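Observations on the model geometry
Spelled out from the first residue to the last, the chains are:
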Amino acid sequence: MTESATPVVFVHGLWLHHTSWNRWLELFAERGYAPVAPPWPGEAATVEETRANPKPMAGYGVAEVTNSFADVITVLDRKPIVIGHSFGGLITQILLGRGLADAAVAIDPAPVKGVLPVPLSSAR
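This text gives an overview of the structure that appears in the document. What you are looking at is a predicted structure, and each value in this text was computed from that prediction instead of being measured.

1. Brief notes about the overall build of the chain
Each helix and strand counted, the chain has four helices and four strands in total. Judged by the C-alpha coordinates and their principal axes, the chain covers about 55 × 40 × 25 Å. Burial statistics for the chain: of 124 residues in total, 32% are counted as buried. The long-range fraction of contacts in the chain, counting pairs at least 24 apart against all pairs at least 6 apart in sequence, stands at 58%. On the chain, roughly 7900 Å² of surface is accessible, and the fraction owed to carbon and sulfur atoms is 59%. Placing the 9 positive and 11 negative side-chain charges of the chain at their respective mean positions leaves the two points 9 Å apart.

2. Overview of the side chain of His17
Locating His17 in the fold gives a position in the loop between strand E1 (7–11) and helix H1 (22–30). For His17, a relative accessible area of 5% corresponds to the buried category. A polar side-chain atom of His17 sits 3.0 Å from the main-chain carbonyl oxygen of Ala44. Those residues in contact with His17 that sit more than four places away from it in its chain are His12, Glu43, Ala44, Ala45, Thr46, Val47 and Thr50.

3. Comments concerning the packing of aromatic side chains
For the structure on display, the rule yields five aromatic pairs. An angle of 85° between the planes, with centres 5.2 Å apart, marks the rings of Phe10 and Phe28 as edge-to-face. Within this pair, whereas Phe10 is found in strand E1, its partner Phe28 is found in helix H1, the two being separated by 18 residues in sequence. For Phe10, a relative accessible area of 1% gives the class buried.

4. Some remarks on the pairing of E1
For E1, the buried fraction is high: five of the five residues fall into the buried class. Both faces of E1 are covered, namely the face carrying Pro7, Val9 and Val11 and the face carrying Val8 and Phe10. After leaving E1, the chain enters H1 and then returns to the sheet as strand E2 (residues 34–36), a path that is right-handed. By the bridge criterion, four bridges tie E1 to strand E3 (residues 81–85) in an arrangement that is parallel. If you follow Phe10 over to E3, its bridge partner there is Ile83.

Calculation criteria
- Residues numbered from 1 in each chain as written.
- Predicted model: local features only at pLDDT ≥ 70, side-chain atom pairs only at ≥ 80, totals over all residues.
- Heavy atoms only, no water.
- Helix = DSSP H or I, 4+ residues; strand = E, 2+ residues; numbered from the N terminus.
- Buried < 20%, exposed > 50% of the residue type's maximum accessible area, 1.4 Å probe, protein only.
- Contact = heavy atoms within 4.5 Å.
- Areas by Shrake-Rupley, 256 points an atom, 1.4 Å probe, with all protein chains shown as cover.
- Lys, Arg positive; Asp, Glu negative; His and termini not counted.
- Charge placed at Lys NZ, Arg CZ, Asp CG, Glu CD.
- Polar contact = N/O pair within 3.5 Å; in protein donor to acceptor, adjacent residues only side chain to side chain.
- Phe/Tyr/Trp six-rings, centres within 6.5 Å; stacked < 30°, edge-to-face > 60°.
- Right-handed = clockwise from strand over helix to strand, strands pointing away.
- Pairing = 2+ DSSP bridges.

Here it is, written out as structure tokens:
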């Protein structure tokens, strides 16, 4: 019995486009993973289309964007590894917290609302 490739879901941050992960998708696919980089709700297929008409992306909050990624994950044949950058890192942590991922990597994640940065002097 052959096991299916481990899915990897990439989540981009604000002011980026899902195609910004394309090189990573290629790299992970070459190494035997099943990577995907879904668009955010309302995001067009290309950067040019999204820039030309950004209005469809307006009005979505953290919950709606996270839920759209959760919808992608729930149709996979197994729990993925989720990798997110910046605001995508925050979404990645939420998805992991919901138990929707086997593992996650949050690269320079945005803080959760209400979490304030700690000054370096407090870390002593």
